[in-house]
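The primary structure of each chain is shown beneath.
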Amino acid sequence: MTTATVDPGVRHPAGPRRARLRALLPSLRRSWDRYWYAWAMVAPVVLVIGVLVLYPLGYGAYLSFTNANERNVAQNIGPVHIPASYKLVGLHNYWQVLSGRDGVFYPRLEWTVVWTVACVTVTYAIGLAMAMLLNRPMRFRLFYRLALILPWAVPAFVGVFAWRLMFNSQYGVFNDLVTAVGLPAQDWLGTPLAQKTAVIIVNVWCGVPFMMVAMLGGLQAIPGELYEAAEMDGASPGQRFRHVTLPGLRPVSGTVILLSTVWTFNMFPIIYLLLGNNTTGDTDILVTHAYQLAFGGGASDYAGAATYGIVILLVLVAFSTFYRRRLRTQD
Amino acid sequence: MSTTVQGGPAAARPQVTATTVPGRRPRGRGERGPLASIALHTALLAAAAVSVFPVLWIVFISFGPSSAWQQPSQVARHLGLGNYRFVLLHTGFPRWLLNSVIVAAATTVLGVLVAASAGYAVSRMRFPGHRPLMWTFLVTQMFPVAVLIVPLYNLMVDLRLLDTYLGLVLVYCTVAVPFCAWMLKGYFDTIPKEIDEAGRVDGLTPFGTFWRLVLPLARPGLAVTAFYSFLTAWGEFAYSNQFMRGPHTTLAVGIRTFASDQRADWGSTTASSVLIAVPAAIVFLLVQKHLVTGLTAGGTKG
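Residues numbered from 1 in each chain as written. Chains lettered and ligands numbered in written order. Predicted model: local features only at pLDDT ≥ 70, side-chain atom pairs only at ≥ 80, totals over all residues. Heavy atoms only, no water.

A. Focus on the overall build of chain B. Per the secondary structure count, chain B includes 14 helices and zero strands. Reading the helices (α) and strands (β) of chain B from amino to carboxyl end gives α-α-α-α-α-α-α-α-α-α-α-α-α-α. Excluding contacts between residues fewer than 6 apart, the proportion of contacts in chain B whose partners are at least 24 apart in sequence is 71%. Summed over its atoms, the accessible surface of chain B is roughly 13,200 Å², and 66% of this surface lies on carbon and sulfur atoms. (Helix = DSSP H or I, 4+ residues; strand = E, 2+ residues; numbered from the N terminus. Contact = heavy atoms within 4.5 Å. Areas by Shrake-Rupley, 256 points an atom, 1.4 Å probe, with all protein chains shown as cover.)

B. Expanded view of the overall build of chain A. For chain A, the helix and strand inventory stands at 13 helices and two strands. Within chain A, the proportion of its 331 residues that are buried is 47%. Taking contacts inside chain A between residues at least 6 apart in sequence as the whole, the part at least 24 apart equals 64%. In the structure as shown, chain A presents an accessible area of about 16,400 Å², 65% of it carried by carbon and sulfur atoms. (Buried < 20%, exposed > 50% of the residue type's maximum accessible area, 1.4 Å probe, protein only.)

C. Structural detail: the side chain of Arg108(A). Residues and elements named next belong to chain A. With respect to the secondary-structure elements, Arg-108 resides in helix 4 (residues 105–134). The exposure class of Arg-108 is buried, given its relative accessible area of 9%. Here the side chain of Arg-108 touches Asp-284 through a polar contact of 2.8 Å, landing on its backbone oxygen. Apart from residues lying up to four places away in sequence, Arg-108 is in contact with Gly-281, Asp-282, Asp-284, Leu-286 and His-289. (Polar contact = N/O pair within 3.5 Å; in protein donor to acceptor, adjacent residues only side chain to side chain.)

D. Representation of the pattern of salt bridges. Applying the stated criterion across every chain, the model contains four salt bridges over all chains. Put simply, Arg108(A) and Asp282(A) hold a salt bridge, and the shortest N to O gap is 3.8 Å. Here Arg108(A), found in helix 4, pairs with Asp282(A), found in the loop between helix 11 (269–275) and helix 12 (286–295); they are 174 residues apart in sequence, far enough to count as distant. Salt-bridge contacts for Arg124(B) lead to Asp196(B); the nearest nitrogen and oxygen are separated by 2.5 Å. Placement of Arg124(B) in helix 5 (residues 93–124) and of Asp196(B) in helix 9 (residues 193–201) is noted, with a sequence separation of 72 residues between them. (Salt bridge = Lys/Arg side-chain N within 4 Å of Asp/Glu carboxyl O.)

E. Just helix 2 (residues 34–62) of chain B, in detail. Compared with an ideal rise of 1.5 Å per residue, which puts 29 residues at 42 Å, helix 2 of chain B spans 40 Å between its outermost C-alpha atoms and is within 8% of the ideal. Taken as a whole, helix 2 of chain B carries its principal kink of about 40° at Phe53(B); the proline Pro54(B) stands between one and four residues after it. (Expected span 1.5 Å × (residues − 1). Bend = angle between axes of the 7 residues up to and from the residue.)

F. Spotlight on the UniProt feature "transmembrane region" (unreviewed entry) in chain A. Residue and element names in this part refer to chain A. Sites flagged by UniProt as "transmembrane region" (unreviewed entry) map to residues 35–57, 113–134, 146–166, 198–219, 256–275 and 302–323. With 100% helix and 0% strand, residues 35–57 has its two end C-alpha atoms placed 28 Å apart. With 85% helix and 0% strand, residues 256–275 has its two end C-alpha atoms placed 28 Å apart. (UniProt positions renumbered as here; feature names shortened; annotations may be inferred.)

G. How the structure looks around a nonpolar patch on the surface. All names here are of chain B. The grouping of Val-109, Leu-113, Phe-207 and Trp-211 at the surface amounts to a nonpolar patch, some 390 Å² of accessible area in total. Where the nonpolar patch is concerned, the elements lending two or more residues are helix 5 and helix 10 (206–217). With relative accessibility at 37%, the residue Phe-207 sits in the partly exposed group. (Patch = residues over 30% accessible without salt bridge, like charges linked within 9 Å, V, L, I, M, F, W, Y side chains within 5 Å.)

H. Layout of the side chain of Ser62(B). Tracing the backbone shows Ser62(B) in helix 2. Those residues in contact with Ser62(B), other than ones at most four positions away along the chain, are Gly80(B), Asn83(B), Tyr84(B), Thr270(B), Ala271(B) and Val274(B).

I. The arrangement of the nonpolar core in detail. Core analysis: the biggest nonpolar cluster contains 187 residues, and Phe137(B), Phe188(B) and Tyr239(B) have the highest contact counts within it. For this core, the two domains that each supply at least three residues are domain 1 (2–48) and domain 2 (95–330) of chain A. If sequence neighbours within four positions are ignored, Phe188(B) has contacts with Ala116(B), Gly119(B), Tyr120(B), Ser123(B), Arg124(B), Phe210(B), Val214(B), Leu215(B) and Ala218(B). (Core = buried A, V, L, I, M, F, W, Y, C linked by side-chain atoms within 4.5 Å. Domains from an automatic or database assignment.)

J. Highlighting the packing of helix 6 (residues 156–167) of chain A against helix 8 (residues 192–221) of chain A. All names here are of chain A. Here helix 6 crosses helix 8 at 140°, and the two axes come no closer than 11 Å. The angle between helix 6 and helix 8 falls in the class oblique. Between helix 6 and helix 8 lies a crossing of right-handed hand. Facing helix 6, whose interface residues are Gly-159, Val-160, Trp-163 and Phe-167, helix 8 presents Ala-198, Ile-201, Val-202 and Trp-205. Class assignment of the residues belonging to the contact of helix 6 with helix 8 gives a composition of seven nonpolar, one polar and no charged. (Axes fitted to C-alpha atoms, helices over the stretch in contact; angles between N-to-C directions. Parallel < 35°, antiparallel > 145°, perpendicular 65-115°, else oblique. Left-handed = near helix turned anticlockwise from the far one by under 90°. Nonpolar A, V, L, I, M, F, W, Y, C, P; charged D, E, K, R; others polar.)

K. Representation of the interface of chain A and chain B. Each partner contributes to the interface: chain A provides 97 residues, whereas chain B provides 103 residues. For chain A, the biggest contributors to the area lost against chain B are Met41(A), Leu52(A) and Leu165(A); these three give 8% of the whole. Across the chain A-chain B interface, the total number found is zero salt bridges. With 20 residues, the single largest contributor to the side of chain A that touches chain B is helix 2 (residues 16–63) of chain A. Considered class by class, the residues forming the side of chain A that touches chain B number 73 nonpolar, 14 polar and 10 charged. (Buried area = accessible area lost by both parts, 1.4 Å probe.)

L. Examining helix 7 (residues 173–181) of chain A more closely. Looking only at helix 7 of chain A, the buried set comprises Val173(A), Asn175(A) and Val178(A). Where helix 7 of chain A is buried, its residues contact helix 6 of chain A together with helix 2 of chain B. Phi turns positive one or two residues past the end of helix 7 of chain A, at Gly182(A), with a value near 105°.

M. Broad picture of the packing of aromatic side chains. Counted according to the given criterion, the structure contains 32 aromatic pairs over all chains. Between Phe105(A) and Tyr106(A) the ring centres are 4.9 Å apart and the planes differ by 75°, which places this aromatic pair in the edge-to-face class. For Phe105(A), a relative accessible area of 3% puts it in the buried group. With a centroid separation of 5.8 Å and 35° between ring planes, the pair formed by Tyr239(B) and Phe243(B) is classed as tilted. Of the two residues, Tyr239(B) and Phe243(B) are both situated in helix 12 (residues 238–243); the distance of four residues between them amounts to about one turn of the helix. (Phe/Tyr/Trp six-rings, centres within 6.5 Å; stacked < 30°, edge-to-face > 60°.)

N. Representation of the UniProt feature "transmembrane region" (unreviewed entry) in chain B in the model. In the UniProt entry, the feature "transmembrane region" (unreviewed entry) is given for residues 35–63, 96–121, 133–153, 165–188, 209–231 and 266–287 of chain B. Regarding residues 266–287 of chain B, the helix share stands at 100% and the strand share at 0%, and the terminal C-alpha atoms are separated by 31 Å.

O. Layout of the confidence of the model for chain A. The predicted model of chain A averages 82 in pLDDT, with 90% of residues at 70 or higher. No element of chain A has a lower mean pLDDT than helix 1 (residues 2–11) of chain A, at 40, and none a higher one than helix 4 of chain A, at 94. (pLDDT = per-residue confidence, 0-100.)

P. Local environment of unusual backbone geometry. Residues and elements named next belong to chain B. The backbone of Arg-160 sits at a positive phi, close to 60°, despite the residue not being glycine. As for its placement among the helices and strands, Arg-160 is situated in the loop between helix 7 (145–158) and helix 8 (165–189). Look at Asp-163: it is not a glycine, yet its phi comes out positive at around 65°. Owing to a relative accessible area of 24%, Asp-163 belongs among the partly exposed residues under this scheme.

Q. Representation of the environment of Pro83(A). Relative to the assigned elements, Pro83(A) resides in the loop between strand 2 (80–82) and helix 3 (92–98). Residues Pro83(A) and Val73(A) lie 10 residues apart in sequence; the distance between their C-alpha atoms is 7.1 Å.

R. Inspection of the confidence of the model for chain B at higher detail. Residues and elements named next belong to chain B. The share of residues in chain B with pLDDT of 70 or more is 80%, and the mean pLDDT across the chain is 79. Taken element by element, chain B is modelled with least confidence in helix 1 (residues 2–20), mean pLDDT 41, and with most confidence in helix 5, mean pLDDT 91. For the stretch residues 1–22, pLDDT sits under 50, and the model shows 17 contacts to residues farther than four places along the chain or on other chains.

Laid out in structure tokens, this is it:
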């Protein structure tokens, strides 16, 4: 495109600005001629994302600088329209959150990080193990694969109900098993620690199939010759795993771990549906806490929820930028 | 199943090694002793049991009387379809089902079409805005429900889309499309460019190449994204809970009224859970053999 700006400039030495302007038009036209097809094909996505994600995001960011809550947002009570009366409060909300003055943010953040790391690590380990077990010729392979992917096919809330039923302290099947062995019945969802363990178990159960399928694909993409060569050089199974399998899985692992971290960090339905309102708030991660702020009991604090949302987003963007950069430098 | 083919060369190897190493015949790769086989199958069986049990448990309870969950041991003696009859005839379930089917089907079709065309453009054409778009696809995954839901609610009110199918479908597309486009972009990358060029030489427009040549070849990738879009819409709770009211309630929200904090009608909950899981399982069975190929292509090249 630079060629287009050079030529006319020579021809009109008197008015370089006008010349540049005149040159810009054809160059715009040319890039339109060249790219309109690509732009037309991405237009629906851009439109949907722009209207339904970026605009709300901007609006949410704006709300986070205000004191909007249930009482002062615009409302329609019958035919009467009450205009919004909230006002800008600057960084007040962020200060409240980040200084720890609301008394909730840092404990929630800590648990969110623990929850994310625990879930992703365990899910990745189990998913990889299952994929390695499945990735070999054997009998009943299809059966095992179908059985292991099943939790993915079941909608999350159905899976959560199943677990809730099994965890039930009075009539759950876990307590039947435990008492059958002669141990005292447990209150599986009673204490905060038990609740935390339970939500992690359920999330791992839901998350393993995705991880396993991705890893299975990654394993199959590793050329068999690499293993043969390693075997020829006398590498033990452990060495082959460390020096052939793991590096071969790098591209898939990188993407999958990033996605799964982001999803787990924002995992809403499992925690919300497994525990309902029978929680002290200790099991709330940042996202469920923000949801409680906006739609939970009591006065809805829209500004607070928006602030939490923006903070979550910033944490995730920072993490993924850092993560991708590290991946790239390691390559 | 292309996967078994990979074991081919390995399975052929033992004969070679057996001739080179006299005496104790070493085991080739892909070959197992009986002990290893038992261990492998035990491990897989245990894992399969853990993965399947919760689902089977729900199915089991659902066939009992409505109070069966309190005495699981009694279920086997009182098998019946009472829960199903109640759910189908005396609750809002059929209506919720209809709502969910409409929303999920529309999300799948719309989501896959939009994601495919965007994924193709990003994969094949270099245009200004190419990199920011890929970055947006990734970052959109990170938007927490909590930050979007209030502004989206207001937006839906302004656009008069609140409590409509279209509104919910569009919202679900924002969740499903970026991920699907990202994956499909990776999948299209694995399809040789020469195919496009051949199509162009034969006089197809770029869109014609995409529609008539590349899309049919990308069926595995499309299957995975369709599966993902469908499940996104089928099981979503948070948006649906806020946006849809009364007759437009979807399954995930409706079913929760059976097992609220006040009463726990686990008979109805389990029966409707089974009914909900069946369509998802059918879609899943249809696409599962494509899952591995489709997902990896997206993952590695993403």
